[in-house]
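Summary of the model geometry
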Amino acid sequence: MSSAHVQPVLELTGIDKQFAGNPVLRGVQLRLYPGEIHALMGQNGAGKSTLIKVLTGVLESSGGQMQLGGKTIRPQSPLEAQKLGISTVYQEVNLCPNLSVAENVFAGRYPRCGLAQGYRIDWAAVQRRARELLARIGLDIDVTRLLSTYPVAVQQLVAIARALGVESKVLILDEPTSSLDEDEVQKLFEVLRRLRGEGLAILFVSHFLNQVYAVSDRITVLRNGEWVGEWMVADLPPQALISAMLGREFAVHTATTAPQRMFSADALLLETKGLAQSGHLQPVDLHIHAGEVLGLAGLLGAGRTELARLLFGLEVADRGSLQINGDTVLLANPVDAVRHGIALCPEERKTDGIVAELSVRENIALALQARLGLRRFLSVPEQTALAEKFVALLGIKTASVETPIGLLSGGNQQKAVIARWLATDPRLLILDEPTRGIDVAAKQEIMDEILRLASDGMAVLFISSEMGEVVRVSDRIAVLRDRSKVGELPGGSSEENVYKLIAAGHV
Ligand SMILES: Nc1ncnc2c1ncn2[C@@H]1O[C@H](COP(=O)(O)OP(=O)(O)OP(=O)(O)O)[C@@H](O)[C@H]1O
Ligand SMILES: [Mg+2]
């Protein structure tokens with residue numbers, strides 16, 4: 001749409017934000033127009049989430065102006081921002097999985113009935129209005145069921161329904177797609193397009209460039225807390241976007257780099273025969289050689305995470321066998337797995353990953369300490385040296401290794417989780433969606449580092465919903481569907497062939 005005659009619904013100018021004197025945002029501006037989808041882009045730690053928090057009253061700005069519909073605003077809380085018409089789903093979504101869908105939609109602001117409407121919660125009204133709000137975004141589900149019984153994508157939509165009020169003018173989504181698969185992303189985008197059609201201004205953050213180009217009209221780029229520019233999507237091709245984010249040229253690998261190496265039988269590191277867990281995984285035969293990158297492909301719910309959890313002792317197999325270097329082993333818990341040189345970098349950093357109150361140093365040293373056991377304690381200077389090495393290697397943006405990890409940006413927390421497992425110097429590294437939330441340049445650098453370690457002999461089991469990435473880095477690809485393995489393909493196979501195998505069980 002043309003912005004020539006239309007005024008922005010929301011306009012920020014000169015926004016500053018400091019934490020303990022350290023500037024994180026400097027003179028940032030942002031304009032959102034009605035009826036547009038606007039992508040807010042920048043590297044990990046650029047200040048995207050901080051800008052959103054300032055704009056929605058979670059954080060107080062250190063300077064600058066905000067105007068909504070031409071009027072100056074200064075919301076002091078997300079609730080106040082919501083009342084003004086700014087609806088937000090934050091990067092760390094805070095829903096309650098153990099409450100019903102309807103309760104999640106209304107938690108804290110239930111419709112009441114009885115004496116002066118203050119008397120008791122009107123559950124019939126809660127359910128009816130929850131259904132209405134969900135219908136607005138095209139979701140028709142049983143609102144009395146627990147939220148946790150629905151897939152993450154549905155939970156994400158429930159979060160949007162919760163955020164959206166009748167008066168919403170602006171919808172802000174901070175990395176809404178980071179735990180969705182491709183079909184689910186499409187469903188979310190349909191909802192966003194529908195809301196755009198109703199005249200909402202939508203701001204969204206994503207590190208997936210293809211998504212940005214698929215859905216947005218306009219792009220604002222931040223770099224290092226500063227505003228770089230605002231473009232119509234058509235005027236900013238991907239390469240130029242990356243340069244704007246990084247402040248330098250950067251070539252993204254697109255061609256297949258998988259060397260399709262051959263591995264001899266004596267390099268066999270791990271082998272499963274009929275490994276299974278009833279209700280979770282059908283018997284799986286799998287083998288991985290030292291130095292090999294084995295990709296694990298499949299849709300959400302195909303059993304990839306279940307297999308990873310079995311190989312890391314988070315779940316215990318009730319059938320089949322597991323051999324490491326020819327010896328049959330039983331992995332009763334992750335400590336066993338770590339002692340056998342297995343590491344798992346999990347997909348859910350908030351629940352399985354970081355310990356928010358501990359420092360970056362402690363978070364990185366955690367798994368190595370577990371591997372060394374009680375007999376050998378890592379001293380603080382040893383931990384510091386270890387943490388500093390990985391902060392430099394993976395480009396983790398933090399004031400120091402003593403900073404509590406919870407203060408790092410989302411993507412930098414995820415890098416620290418990867419560092420924790422690389423620090424154990426594993427023989428087998430299992431990566432379950434390791435680079436979600438990591439910016440495009442850092443993602444490539446991390447994958448290059450992992451491939452370098454593989455060429456030095458580390459085995460890698462790589463799980464990712466980004467099929468292009470799986471095909472690019474894997475020596476071999478095992479395909480799962482409906483919780484069983486349906487076949488294998490050589491690395492460098494076309495994405496199309498992998499999808500065919502997923503869909504039909506044969507190419
Ligand atoms: N409460 C806080 N105290 C100190 N520093 C903070 C705090 N919150 C954020 N920061 C710092 O502000 C900077 C910007 O972080 P922010 O979360 O806005 O980045 P982001 O652009 O959203 O990155 P990502 O893509 O990784 O989510 C980071 O360096 C972060 O460490
Ligand atoms: Mg963020």
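This text goes with the structure placed above it.
For every chain, the first residue of its written sequence is number 1, and the numbers climb from 1 along that sequence. All chains are assigned letters beginning at A, and all ligands numbers beginning at 1, according to the order in which they are written. Reporting of local features is limited, given that this is a predicted model, to residues whose pLDDT is at least 70; pairs of side-chain atoms are given and counted only at 80 or more, and all residues count toward the totals for whole chains, interfaces and linings. Based on all heavy atoms of the structure, the side-chain values leave hydrogens and waters out of the count.

1. Focus on the packing of helix α12 (residues 360-372) against helix α13 (residues 380-394)
Here, axes are lines fitted to C-alpha atoms. For helices the fit covers the stretch in contact, and angles between N-to-C directions go from 0 to 180 degrees. Where helices and strands are cited, they refer to DSSP runs of H or I of at least four residues and of E of at least two residues respectively, numbered from the N terminus. For the pair α12 and α13, the least separation of the axes is 9 Å and the interaxial angle reads 100 degrees. Our classification of the angle between α12 and α13 gives roughly perpendicular. Where α12 approaches α13, its residues Val360, Arg361, Glu362, Ile364, Ala365 and Leu368 are matched on the opposing element by Val380, Gln383, Thr384, Leu386, Ala387, Phe390 and Val391. Classification convention: Asp, Glu, Lys, Arg as charged; Ala, Val, Leu, Ile, Met, Phe, Trp, Tyr, Cys, Pro as nonpolar; all other residues, Gly among them, as polar. Grouping the amino acids of the contact of α12 with α13 by side-chain chemistry returns 9 nonpolar, 2 polar and 2 charged. Working definition: roughly parallel below 35 degrees, roughly antiparallel above 145 degrees, roughly perpendicular at 65 to 115 degrees, and oblique for all remaining angles. Contact criterion: two residues are considered in contact whenever any of their non-hydrogen atoms come within 4.5 Å of each other.

2. Structural notes on the sheet that holds strand β19 (residues 428-432)
What holds strands together in a sheet is hydrogen bonding between their backbones, with the strands either parallel or antiparallel. In this analysis, strands are considered paired if DSSP registers two or more bridges between them. In space, the 6 strands of this open sheet follow the order β18-β19-β20-β15-β21-β22, with mixed pairing throughout. Edge positions in the open sheet fall to β18 (342-345) and β22 (484-490), since each of these has one partner strand only. Strand-to-strand twist of the sheet, defined as the mean angle between neighbouring strand axes without regard to direction, takes the value 20 degrees. Of the pairings in the sheet, the one linking strand β15 (residues 293-297) to strand β20 (residues 459-463) comprises 4 bridges and is parallel in character. Of the residues in β20, the one forming a bridge with leucine 294 is leucine 461. Of the strands in this sheet, β15, β19 and β20 touch helix α15 (residues 440-455), which is tilted by about 145 degrees from β20.

3. Describing the packing of aromatic side chains
A pair of Phe, Tyr and Trp rings is counted when the ring centres sit within 6.5 Å of each other, with Trp represented by its six-membered ring. The angle between the planes then sorts it: under 30 degrees is stacked, over 60 is edge-to-face, the rest tilted. The tally for this structure, following the rule as stated, stands at 2 aromatic pairs. A ring pair is formed by phenylalanine 312 and tryptophan 421, whose centres lie 5.5 Å apart and whose planes are at 90 degrees; its orientation type is edge-to-face. Taken together, the residues phenylalanine 312 in the loop between α9 (304-311) and β16 (319-324) and tryptophan 421 in helix α14 (residues 410-422) connect sequence positions 109 residues apart. Assigned by exposure class, phenylalanine 312 and tryptophan 421 land together as buried. Over the ring of phenylalanine 19 we find lysine 17, and its NZ or CZ is 5.2 Å from the ring centre. A ring is considered to have a charge above it if a Lys NZ or an Arg CZ atom is located within 6 Å of its centre and within 35 degrees of its normal. In this arrangement the basic side chain of arginine 145 is found over the ring face of tyrosine 150, its NZ or CZ atom lying 4.5 Å from the centre. A 1.4 Å probe rolled over the protein chains alone gives each residue an accessible area, and that area as a share of the maximum for its type sets the label: buried under 20%, exposed over 50%, partly exposed in between.

4. Let's talk about the nonpolar core
To define a nonpolar core, start from buried Ala, Val, Leu, Ile, Met, Phe, Trp, Tyr and Cys residues and group those joined through side-chain atoms within 4.5 Å. Counting residues in each nonpolar core, the largest one holds 78 residues, and the members touching the most others are Leu311, Ile342, Ile364, Trp421, Leu428 and Val498. When residues of this core are assigned to their parent elements, the largest contribution, 6 residues, is made by α14. Here this core spans two domains, and each of domain 3 (267-341 + 426-507) and domain 4 (349-425) adds at least three residues to it. With residues up to four places along the chain from it excluded, the contact list for isoleucine 364 reads Leu386, Ala387, Phe390, Ile396, Ala416, Ala419, Arg420 and Ala423. Counting residues in each nonpolar core, the second largest holds 54 residues, with Ala102, Tyr150, Leu180 and Phe204 among its members. Domain borders in the structure are assigned automatically or taken from a domain database.

5. Digging into the site of ligand 1
Being near a molecule or strand, for a residue, means having at least one of its heavy atoms within 4 Å of it. The environment of ligand 1 is formed by 19 residues, the closest being Gly45, Lys48, Thr50, Ser409 and Gly411. We define a polar contact as two N or O atoms separated by no more than 3.5 Å, with the added condition that, inside protein, one atom must be a possible hydrogen donor and the other a possible acceptor, whereas residues neighbouring each other in sequence contribute only through side-chain atom pairs. Here glycine 411 contributes a backbone N or O atom positioned 2.7 Å from an oxygen atom of ligand 1. Those elements that place two or more of their residues in the shell around ligand 1 are α1 (48-55) and α14. The biggest single contributor to the shell around ligand 1 is α1, with 3 residues. Mapped onto the domain boundaries, the shell around ligand 1 takes at least three residues apiece from domain 1 (1-85 + 167-252) and domain 4 (349-425).

6. Some thoughts on the side chain of glutamine 369
Its location among the elements puts glutamine 369 in helix α12. According to the relative accessible area criterion, glutamine 369 is buried, its value standing at 16%. The contacts of glutamine 369, once residues within four sequence positions are left out, are Arg376, Phe377 and Leu378.

7. Let's talk about the sheet that holds β16
Here 4 strands make up an open sheet; going across it, the order is β14-β13-β16-β17 and the pairing antiparallel. Each end of this open sheet is capped by a strand with a single partner; those strands are β14 (281-289) and β17 (327-328). Two elements, strand β13 (residues 268-277) and β14, share 6 bridges in a ladder whose sense is antiparallel. Bridged to leucine 270 within β14 is isoleucine 288.

8. Notes on the environment of arginine 248
In this structure, arginine 248 sits in the loop between α8 (238-246) and β13. Residues arginine 248 and leucine 344, 96 residues apart in the sequence, show an inter-C-alpha distance of 33 Å. If sequence neighbours within four positions are ignored, arginine 248 has contacts with Ile242, Ser243 and Glu445.

9. A look at the environment of proline 434
Note on placement: proline 434 falls in the loop between β19 and α15. Judged by relative accessible area, which is 1%, proline 434 ranks as buried. With residues near it in sequence (within four places) discarded, proline 434 still touches Gln414, Ile418, Phe462 and Ile463.

10. Considerations on the pattern of salt bridges
Salt-bridge detection follows one rule: a side-chain nitrogen of Lys or Arg within 4 Å of a carboxyl oxygen of Asp or Glu. Under the counting rule described, the total for this entry stands at 20 salt bridges. Here arginine 136 and glutamate 198 are joined by a salt bridge, their closest N and O atoms 3.2 Å apart. Here arginine 136, found in helix α4 (residues 123-136), pairs with glutamate 198, found in the loop between α6 (182-197) and β10 (201-205); they are 62 residues apart in sequence, far enough to count as distant. We classify arginine 136 as partly exposed; its relative accessible area is 21%. Among the residues examined, glutamate 198 registers a relative accessible area of 44% and is labelled partly exposed. Arginine 309 serves as the salt-bridge partner of glutamate 315, at 3.1 Å between the closest nitrogen and oxygen. By relative accessible area, glutamate 315 is classed as partly exposed at 24%. Residue classification places arginine 309 among the partly exposed residues on the basis of a relative accessible area of 27%. Three or more residues are tied together by salt bridges with common partners; here these are Arg31, Glu36, Arg218 and Glu230.

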